[in-house]
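Breakdown of the fold
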Amino acid sequence: MIYSCSIKLIAGKPILGYGIGDNIDLIQNCQTMKGQKGSFNSHNQYLEYMLSAGVFGLIFFILYLIIIIKNLLKMKSQIGLVLLTFFMLNMITENIFAR
């Protein structure tokens, strides 16, 4: 249900998003209308960037991750690559930068 609210909200402002901080209230309102109570976020870091900064924010974040990957490959840091991969996969199911 949280993902459906996030995707529906992203469709409303896909290019620039809703602004940093405003998306939490939007998800709360969406979940409240569906009868859910509690404190909610998007539970997906990538969707969170889409909600707050739109497509441009997500593109910049992905480019940032690519730069980090290139630097880790250049340094031949296997531990760094494993840790980054772990966090990138974790961001699919959790909002690690919103807490």
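The model shown is predicted, which means the values in this text are computed figures rather than measured ones.

Here we take up the overall build of the protein chain. If you tally the helices and strands in the protein chain, you get four helices and zero strands. For the protein chain, the succession of helices and strands along the chain, N to C, is α-α-α-α. The burial tally for the protein chain puts 33% of its 99 residues in the buried class. In the protein chain, of all internal contacts separated by at least 6 residues, the share reaching a separation of at least 24 is 68%. Entry remark: accessible area of the protein chain is about 6500 Å², with carbon and sulfur atoms responsible for 71%. Across the protein chain, the mean location of the 8 positive side-chain charges is 11 Å away from that of the 4 negative side-chain charges.

Predicted confidence across the protein chain gives a mean pLDDT of 89, with 92% of residues reaching 70 or more. Within the protein chain, helix α2 (residues 22–33) has the poorest average pLDDT of any element, 77, and helix α4 (residues 78–90) the best, 97.

Within the fold, S6 resides in helix α1 (residues 2–12). Looking at S6, the relative accessible area reads 0%, which means it is buried. Apart from residues no more than four positions distant in its own chain, S6 is found in contact with I27, S42, L47 and L51.

Analysis parameters
- Residues numbered from 1 in each chain as written.
- Predicted model: local features only at pLDDT ≥ 70, side-chain atom pairs only at ≥ 80, totals over all residues.
- Heavy atoms only, no water.
- Helix = DSSP H or I, 4+ residues; strand = E, 2+ residues; numbered from the N terminus.
- Buried < 20%, exposed > 50% of the residue type's maximum accessible area, 1.4 Å probe, protein only.
- Contact = heavy atoms within 4.5 Å.
- Areas by Shrake-Rupley, 256 points an atom, 1.4 Å probe, with all protein chains shown as cover.
- Lys, Arg positive; Asp, Glu negative; His and termini not counted.
- Charge placed at Lys NZ, Arg CZ, Asp CG, Glu CD.
- pLDDT = per-residue confidence, 0-100.

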